[in-house]
Amino acid sequence: MANANHPTSASGRAPSERGVIARFAAAYGQEIVIFFAMIALFVIVTAINPRFISPENLNTIFSGNAYIAVAAIGMAMIIITGHIDVSVGALIGVLATISGTLAVSGYPVWVALIVPVFVGMAVNAVIGVMVAYARIPSIVVTLGMLSILRGGLITVTGGAWISGLPPEFLIAQAKPLGVPAPIYFMVALTLLAAFWMRYSEFGRSLYAIGGNPEAARASGIPIERRTVMVFVIHGAFAGLATMLFATQLQVIQSTVPPNLELTVITAAVIGGVSILGGTGTVIGSTLAAILFAAIGSALIFTNVSAYWLRAVIGVLILVTVMADMIRRNRQGRA
Amino acid sequence: MIKRILRHETILALLTVIVLAILAYQSDKFFTVDNLLNQGRLMTEVGLVAVIMTFVIVTGGIDLSVGSIVGLTAILTGVFWKSLGLPLPLAAFAAIACGTFGGFMNGVIITRFKVPPLIATLATLALYRGLAEGISQARSVRGYPESFYVLGQGNMLGVPTQLWLLIITAIVAGVVLGYTRWGRTVYAIGSNEVAARFSGLPVDRAKLAVYTASGFAAAVAGVILVSRVSTTRSDMGTGLELDAITAVVLGGTSIFGGRGTVIGTLLGLILIQALKNGLSLAGIKGDGTIVLIGVVLILTILISNIVHRDGNR
Amino acid sequence: MPETVQPFVSLTGATKTFGGITVLKAVDFDVRPGEVHALLGENGAGKSTLIKIISGLYVPDGGTIRIGGETVTLSSTRDASRRGIATVYQELLLFPEMTIAENIFLGNYPKTAWGGIDWPEARRRARALLDSLDSPELDIDRKVASLSVAQRQRVEIAKALSRDARVLIMDEPTASLAEADVQRLMEVVRALRQRGVGIIYVSHRMPEIFALADRVTVLRDGELIGTRDIGEVTEATLVAMMVGRSIDQLFPKPEPIIGETLLEVENLVSGKLVKGLSFSVRKGEILGIAGLVGSGRTETALTLFGITPAESGRIRIAGKEVTIRSPREARDLGIAYVPEDRGLQGLVKSMTIRQNVSMASIDRLSRGIFIRFAEEAARAVNAVKRFGIRARAGIEQPVGQLSGGNQQKVVIAKWLETAPRILILDEPTRGVDVGAKSEIHAIMGELARTGVAIIMISSELPEVLGMSDRVLVMNNGHLVSIIDRADANAESVGAAMTVAKKSKDAA
């Protein structure tokens with residue numbers, strides 16, 4: 001029998017191995033695409049209007065959406081696990097108000113900053129329990145939570161703005177070494193999360209649960225506990241995002257930032273997190289959040305009305321997702 | 001299965017009656033004809049969308065783009081009329097045609113490219129809203145002729161005009177879903193799409209029709225909204241998708257598909273509107289009632305899940 | 001195998017019931033280190049339940065499990081895996097979007113000093129494991145989604161070995177392998193035995209069992225029929241133990257009334273597994289299609305049924321050339337298809353018998369768009385009576401609550417509602433109990449006598465031989481031969497099935 005793979009004939013061949021670069025390319029395909037899209041955008045827009053790459057504008061681009069990038073890290077984990085959270089925007093609105101209220105009430109700044117993180121974790125623990133143990137689909141639970149948080153916020157605050165924030169509270173305005181603080185935040189959290197998703201057993205199990213829940217259970221992964229945990233972590237990232245969101249201006253509008261949850265989900269998805277669960281990285285979601293800010297800025301610098309931003313992003317998601325589906329369908333047939 | 005549906009709807013109907021009774025007891029302004037009709041007027045836009053959303057969710061899909069289609073249709077009505085100088089009825093029809101096409105595109109993306117509905121309509125949510133913003137440049141259009149307000153502010157036989165539209169739509173939708181082969185196809189797709197396809201049912205055509213209808217309903221709701229509030233702005237209909245989905249899910253439609261009725265959705269709508277209205281009459285501030293809706297949504301599904309713990313997901 | 005070797009795993013009196021039906025009745029079973037213990041039985045005999053108990057997926061309702069002499073309860077697969085029991089699942093529980101290396105170590109990663117996953121070590125060990133399975137060609141950084149079934153199987157085995165499995169359960173490991181891959185797998189199994197691993201080997205294929213097994217256990221209807229050393233048994237005695245009677249009694253086939261040619265297929269091509277097929281079926285004839293899983297049998301049916309339309313070739317029905325682009329077009333041409341995967345493709349389990357029976361003919365049952373409910377119910381009642389579908393709640397019972405055999409009858413009833421001229425049955429009796437099986441065979445015989453042309457795809461050789469007027473044998477997308485009933489026997493069909501054209505696994 002002429003079997004090329006037969007053990008006896010195989011011993012002479014060198015095992016097929018990929019180089020580090022090839023492995024990197026395979027693992028971060030989507031991220032590389034976004035990265036080069038961003039480079040292309042920068043080159044083109046700069047050719048039209050060189051002020052686009054002025055240090056001030058770069059600072060604006062990279063720091064402006066930092067809070068979205070941070071929230072998208074948690075969202076990416078949620079979607080990788082096969083769930084969704086449409087309440088994160090409302091949660092950030094609530095947490096920002098809590099944070100601001102504490103700050104103007106004379107609590108130390110660190111208390112005002114850290115309390116939202118724990119509140120976010122607590123709220124999402126409730127969501128996680130509902131999803132994991134009561135088996136209510138995450139879209140339903142978070143839809144309900146969205147109403148509760150949004151309504152609760154308006155009821156309590158009446159939509160009033162919080163002003164008179166102590167200057168030391170406004171950490172998002174700080175510029176250590178001339179670089180806006182949110183950028184440090186975003187980069188550090190992204191790298192930390194990426195490292196953790198790659199090198200911790202917990203992180204890998206999220207991919208397993210999202211990719212093939214049945215197989216994950218058979219592999220002995222405690223799906224319910226992990227689901228609750230990933231929601232809690234996501235809540236913590238919402239709290240961290242709040243640190244940047246609440247401290248960027250002199251006032252906090254104590255309303256829910258409109259459509260924030262959708263922007264966050266979009267960043268995660270464009271960053272290569274498959275909505276079907278099981279794949280994607282947090283680096284991609286951060287790159288996507290920066291890309292949004294860059295596109296928004298590019299529209300301004302090329303004299304296109306910024307009101308087209310969302311349409312551009314809409315097209316961007318469609319193209320990304322359709323490409324992903326075409327690739328998957330082809331792979332499925334092969 | 002019929003028994004199960006009835007049980008959820010019975011729970012919901014009881015809950016609705018209790019809420020209505022409490023509200024009537026709390027405020028003598030609640031159970032007046034004027035108030036009730038006015039509430040009907042207010043819930044029409046979400047109602048139209050929710051009734052068709054029932055079909056979408058029964059197929060196992062979702063349509064997040066309806067709020068944006070409302071906004072886009074509203075903007076286009078204004079633009080066609082004011083900027084292009086079309087007669088207003090024609091402008092409205094053209095805008096509705098565009099909104100319907102938006103729904104059709106959703107269907108194409110979902111059936112042709114096999115993009116999951118959640119993400120496909122999330123993308124078009126951004127796209128259609130972005131088009132509305134881009135086209136309008138955030139400028140509002142006002143000054144519609146008096147005759148146009150008949151739709152949103154007028155009455156027919158003593159009942160708000162648009163409420164008739166909702167009633168007729170609900171009846172037709174209820175009959176189609178419950179008594180026709182189209183409805184049966186929708187249920188079959190939501191329960192097991194592969195088996196439906198293997199049974200020779202027109203799966204893709206049905207899904208395309210359902211998303212197109214959803215776009216149409218949202219577009220009509222958009223024109224009604226313009227007529228009711230006398231102005232067009234690009235942010236109109238923001239968040240409407242969540243209200244509609246809440247009503248549908250509250251009405252007992254399984255978010256996984258295969259289960260749900262139009263009557264349930266109507267009950268869900270009425271319950272939500274009654275809560276909003278009743279609580280505001282009772283002096284609780286307007287938006288605070290949303291909290292209660294969220295709680296009711298989660299609790300209803302929770303109870304329903306516990307009652308129907310049959311292992312079938 | 002000397003008697004003195006202590007079994008590593010042993011079950012005594014294992015019993016399991018589901019919803020009042022006992023699927024495993026007081027079964028004793030054991031595995032010794034370094035032996036291949038074959039587990040045999042027809043579909044529904046209780047093999048998979050037994051396996052699932054040993055692998056910790058099911059907790060038995062009665063009986064004890066001993067591992068290494070110690071009585072244990074296995075409450076999860078994690079428990080079982082910790083105690084050295086690993087399973088290579090039939091449905092292959094891998095993660096398609098992850099790399100080979102990651103699949104092997106998922107849940108059991110090598111760790112660095114600070115507790116993170118040691119990827120270089122994981123990759124090194126994955127490489128070593130695959131090399132030890134004579135698979136140096138598998139790139140450990142490849143995603144599992146792109147692997148062939150045989151390759152995935154080796155990944156599963158590597159995964160089991162990475163956890164120091166003492167007992168390896170292999171559930172129909174060769175069901176979807178080409179012959180060359182089967183040989184290779186058998187090498188691997190022998191090597192594992194050499195290392196002292198105990199292997200529970202589930203298979204239908206007699207040659208493999210006689211080539212590999214040290215002992216064999218036969219189950220029937222959930223009961224233990226017996227455990228024998230391989231030297232004590234012959235193929236005939238094993239078959240007798242499995243079915244409890246001989247083949248002739250099982251397939252009472254009426255004399256066929258064969259009419260003119262109804263379906264002609266010429267050079268049919270579709271996808272990778274239908275490569276230029278030509279055959280014909282006549283009225284009243286039952287054409288059996290035999291071949292290994294992956295030989296293109298089901299793909300041929302799907303092409304005729306319009307799920308994966310033909311890319312080229314001609315299809316003629318009653319002499320008229322037709323194109324079939326969708327199941328609906330197929331149905332309108334009088335083609336019906338009872339699919340292979342009943343739960344996924346055949347039934348809407350949450351819907352009632354009434355709704356399922358009418359599903360393929362709902363447009364014909366409607367006045368305009370309105371369903372005629374009385375007519376629909378009457379037809380369902382009729383079908384229940386005609387096919388003897390046993391349902392406690394009558395036609396309003398959700399089909400998910402029916403037994404396998406009754407579910408299959410619902411699928412058949414659904415398609416007979418469309419009054420087909422050509423009926424394609426794909427594994428018509430898989431997962432069906434013995435009683436319902438012969439009822440389904442009787443229905444087939446009866447239909448053929450009314451002039452329906454039947455194409456039957458089956459992996460059970462006795463069924464193919466017992467029911468078919470002619471047997472079409474496929475291999476790797478090609479037609480190997482068409483054998484008349486008189487010449488069809490286990491040897492002739494079996495030989496044609498396993499003709500090794502070339503290895504599919506040349507990756």
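Residue positions are counted from 1 within each chain, in the order its sequence is given. Naming scheme: in the order in which they are written, chains are lettered from A and ligands are numbered from 1. The model is predicted, so local features are restricted to residues of pLDDT at least 70 and side-chain atom pairs to those at 80 or more, both for listing and for counting; the totals for chains, interfaces and linings are taken over all residues.

Side note on the overall build of chain A
And step 1. Numbering goes from the N terminus for both helices and strands, where a helix is a DSSP run of H or I of at least four residues and a strand is a run of E of at least two. A count of helices and strands for chain A gives 15 helices and 2 strands.
And step 2. A compact globule built from 334 residues would reach a C-alpha radius of gyration of about 20 Å, and chain A, at 22 Å, matches this within 12%.
And step 3. Projected onto its principal axes, the C-alpha positions of chain A cover 85 × 55 × 35 Å.
And step 4. Each residue is represented by a C-beta atom placed from its backbone, and any two residues with such atoms within 7 Å are regarded as in contact. Counting contacts in chain A only where the partners sit at least 6 residues apart, residues at least 24 apart contribute 79% of the total. The atom set for the radius of gyration is the C-alpha atoms, and the globule formula is 2.2 Å times the number of residues raised to the power 0.38.

Some points on the overall build of chain B
And step 1. Looking only at helices and strands, chain B features 13 helices and 2 strands.
And step 2. Taken over the C-alpha trace, chain B has a radius of gyration of 19 Å; the compact-globule value for 313 residues is 20 Å, and the two agree within 12%.
And step 3. Reported as C-alpha extents along the three principal axes, the dimensions of chain B are approximately 60 × 55 × 35 Å.
And step 4. To sort residues by burial, count the other C-beta atoms lying within 10 Å of each one's C-beta; a count of 20 or more means buried, 12 or fewer means exposed, and anything in between means partly exposed. C-beta atoms are built from the backbone. Taking all 313 residues of chain B together, 57% fall into the buried category.
And step 5. Of the contacts made within chain B by residues no fewer than 6 positions apart, 77% connect residues no fewer than 24 positions apart.

A closer look at the nonpolar core
And step 1. Any set of buried Ala, Val, Leu, Ile, Met, Phe, Trp, Tyr and Cys residues joined through C-beta atoms within 7 Å is what this text calls a nonpolar core. Membership of the largest hydrophobic core comes to 358 residues, with the highest contact counts inside it found for Val70(A), Ala71(A), Val49(B) and Ile424(C).
And step 2. Of the residues forming this core, the biggest block, 15 residues, is contributed by helix H10 (residues 203–229) of chain B.
And step 3. With sequence-adjacent residues up to four places away left out, Ala71(A) is seen in contact with Val88(A), Ile92(A), Phe237(A), Ala238(A), Ala241(A) and Val264(A).

Some remarks on the sheet that holds strand S22 (residues 478–484) of chain C
Residues and elements named next belong to chain C.
And step 1. Pairing between strands is defined by DSSP: at least two bridges between them are needed. With mixed pairing, the 6 strands of this open sheet are ordered in space as S16-S19-S20-S13-S21-S22. Each of the sheet's edge strands pairs with one partner strand only, and the pair in question is strand S16 (335–338) and S22. Here the strands of the sheet are splayed against their neighbours by 20 degrees on average, with no regard to which way each runs.
And step 2. Pairing geometry for strand S13 (residues 286–290) and strand S20 (residues 453–457), over 4 bridges, is parallel. The residue of S20 that forms the bridge with Ile 289 is Ile 457.
And step 3. Lines fitted to C-alpha atoms define the axes here, with helix axes fitted over just the stretch in contact, and angles between the N-to-C directions of these axes take values from 0 to 180 degrees. Against the sheet, helix H10 (residues 297–304) touches S13, S16, strand S19 (422–426), S20 and strand S21 (470–475), its axis set at about 145 degrees to S19.

Focus: the environment of Arg259(B)
Residue and element names in this part refer to chain B.
And step 1. Inspection of the secondary structure assignment puts Arg 259 in the loop between helix H11 (240–250) and helix H12 (262–281).
And step 2. Taking the C-beta count within 10 Å as the criterion, Arg 259 has 22 such neighbours and is therefore assigned buried.
And step 3. For the pair formed by Arg 259 and Gly 190, sequence separation is 69 residues and the distance between their alpha carbons is 7.7 Å.

Quick look at the interface of chain A and chain B
And step 1. Between chain A and chain B, the residue contacts involve 43 residues of the former and 40 residues of the latter.
And step 2. Secondary structure elements with two or more residues in the side of chain A that touches chain B: helix H8 (138–157), helix H13 (260–270) and helix H15 (309–333) of chain A.
And step 3. Under the grouping applied here, Gly and all other residues not named as nonpolar or charged are polar, the nonpolar ones being Ala, Val, Leu, Ile, Met, Phe, Trp, Tyr, Cys and Pro and the charged ones Asp, Glu, Lys and Arg. Here the residues of the side of chain A that touches chain B are counted per class, giving 31 nonpolar, 9 polar and 3 charged.

Details of the packing of helix H4 (residues 55–64) of chain A against helix H14 (residues 282–301) of chain A
All names here are of chain A.
And step 1. Taken N-terminus to C-terminus, the directions of H4 and H14 make an angle of 135 degrees; their axes are 7 Å apart at the nearest point. In this view, H4 runs oblique relative to H14, as classed from their interaxial angle. In the packing of H4 onto H14, the handedness of the crossing is right-handed. The residues of H14 that touch H4, namely those facing Asn 57, Thr 60, Ile 61, Phe 62 and Gly 64, are Ile 290, Ala 293, Ala 294 and Ser 297.
And step 2. A per-class count over the contact of H4 with H14 returns 5 nonpolar, 4 polar and no charged. When describing relative orientation, an angle under 35 degrees is termed roughly parallel and one over 145 degrees roughly antiparallel, while 65 to 115 degrees is termed roughly perpendicular and anything else oblique. By definition, turning the near helix anticlockwise from the far helix through less than a right angle yields a left-handed crossing, and turning it clockwise yields a right-handed one.

Some remarks on helix H8 (residues 181–191) of chain B
And step 1. Taking burial as the measure, the 11 residues of H8(B) include 11 buried ones, the bulk of the element.
And step 2. Within H8(B), the full set of buried residues consists of Arg181(B), Trp182(B), Gly183(B), Arg184(B), Thr185(B), Val186(B), Tyr187(B), Ala188(B), Ile189(B), Gly190(B) and Ser191(B).
And step 3. Among the structural elements, helix H2 (33–58), helix H7 (161–179), helix H9 (193–198) and H10 of chain B together with strand S17 (366–367) and strand S18 (370–371) of chain C are those in contact with the buried residues of H8(B).

What about the environment of Gln355(C)?
Residues and elements named next belong to chain C.
And step 1. Its location among the elements puts Gln 355 in helix H13 (residues 353–357).
And step 2. Residue Gln 355 is classed as buried on the basis of its C-beta count, with 24 C-beta atoms lying within 10 Å.
And step 3. When the C-alpha atoms of Gln 355 and Phe 305 are compared, they prove to be 22 Å apart, with 50 residues separating the residues in sequence.

Observations regarding the confidence of the model for chain A
And step 1. Looking at chain A as a whole, the pLDDT averages 83, with 90% of positions reaching at least 70.
And step 2. For the stretch residues 1–15 of chain A, pLDDT sits under 50, and the model shows 21 contacts to residues farther than four places along the chain or on other chains. How sure the predictor is of each residue is captured by pLDDT, a score from 0 to 100.

Digging into the pairing of strand S6 (residues 85–88) of chain C
Residues and elements named next belong to chain C.
And step 1. Burial of S6 is two-sided: the residues Ile 85 and Thr 87 facing one way and the residues Ala 86 and Val 88 facing the other way are all buried.
And step 2. Here 4 bridges tie S6 to strand S7 (residues 167–171), and the two strands are oriented parallel to one another. Bridge assignment links Ala 86 to a residue of S7, and that residue is Leu 168.

Digging into unusual backbone geometry
In most cases, non-glycine residues show a negative phi, while peptide bonds are predominantly trans.
And step 1. For Leu177(A), which is not glycine, the phi dihedral falls at a positive 55 degrees.
And step 2. Tracing the sequence through the fold places Leu177(A) in the loop between strand S1 (161–162) and helix H9 (181–199).
And step 3. Assessed through the 5 C-beta atoms surrounding it within 10 Å, Leu177(A) is described here as exposed.
And step 4. Phi angles above zero are rare outside glycine, and Glu427(C) is one such case at about 50 degrees.
And step 5. In this structure, Glu427(C) sits in the loop between S19 and helix H16 (434–449).
And step 6. Residue Glu427(C) is classed as buried on the basis of its 23 C-beta neighbours within 10 Å.

Observations regarding the sheet that holds strand S15 (residues 320–322) of chain C
Adjacent strands of a sheet pair through backbone hydrogen bonds, lying either parallel or antiparallel.
Residue and element names in this part refer to chain C.
And step 1. What the 4 strands build is an open sheet, ordered S12-S11-S14-S15; its pairing is antiparallel. Both outer strands of the open sheet, strand S12 (274–282) and S15, are each paired with one neighbouring strand and no more. Each neighbouring strand pair of the sheet contributes to a mean axis angle of 20 degrees, computed without reference to strand direction.
And step 2. Of the strand pairs in this sheet, strand S11 (residues 261–270) and strand S14 (residues 312–317) are connected by 5 bridges, and their pairing is antiparallel. Its bridge partner being in S14, Glu 266 is matched across the sheet by Arg 314.
And step 3. Here H10 sits on the sheet in contact with S11 and S12, set at roughly 70 degrees to S12.

Things to note about the confidence of the model for chain B
And step 1. Of all residues in chain B, 94% attain a pLDDT of 70 or more, and the chain-wide mean is 87.
And step 2. In the predicted assembly, ipTM is 0.84 and pTM is 0.83.

Here we look at H12(B)
All names here are of chain B.
And step 1. To estimate the expected span of a helix, count its residues, drop one, and scale the result by 1.5 Å. With 20 residues, H12 extends 28 Å between its outermost C-alpha atoms, agreeing within 8% with the 28 Å of an ideal straight helix rising 1.5 Å per residue.
And step 2. Of all 20 residues in H12, 18 are buried, a share of seventy percent or more.
And step 3. Downstream of H12 by one or two residues, Gly 283 has phi in the positive range, about 95 degrees.

Focus: the environment of Thr124(B)
And step 1. By the element assignment, Thr124(B) lies in helix H5 (residues 117–136).
And step 2. Thr124(B) sits in the buried class, given 30 other C-beta atoms within 10 Å.
And step 3. Non-local contacts of Thr124(B), meaning those with residues more than four positions away in its chain, are made with Gly314(A), Ser65(B), Gly102(B), Met105(B) and Asn106(B).

Looking at the packing of helix H4 (residues 88–112) of chain B against H10(B)
Residue and element names in this part refer to chain B.
And step 1. Running from N to C, H4 and H10 cross one another at 150 degrees; their axes reach a closest spacing of 7 Å. Our classification of the angle between H4 and H10 gives roughly antiparallel. Like other packed secondary-structure pairs, H4 and H10 cross with a definite hand, here right-handed.
And step 2. Each residue belonging to the contact of H4 with H10 can be placed in one class, and the counts come to 14 nonpolar, 11 polar and 2 charged.

Points about the pairing of S11(C)
Residue and element names in this part refer to chain C.
And step 1. Here 7 bridges tie S11 to S12, and the two strands are oriented antiparallel to one another. Residue Val 269 lies in a different strand from S12, and its bridge partner there is Lys 275.
And step 2. Two successive antiparallel strands, S11 and S12, enclose a turn made up of 3 residues, where Gly 271 displays a positive phi of approximately 60 degrees.

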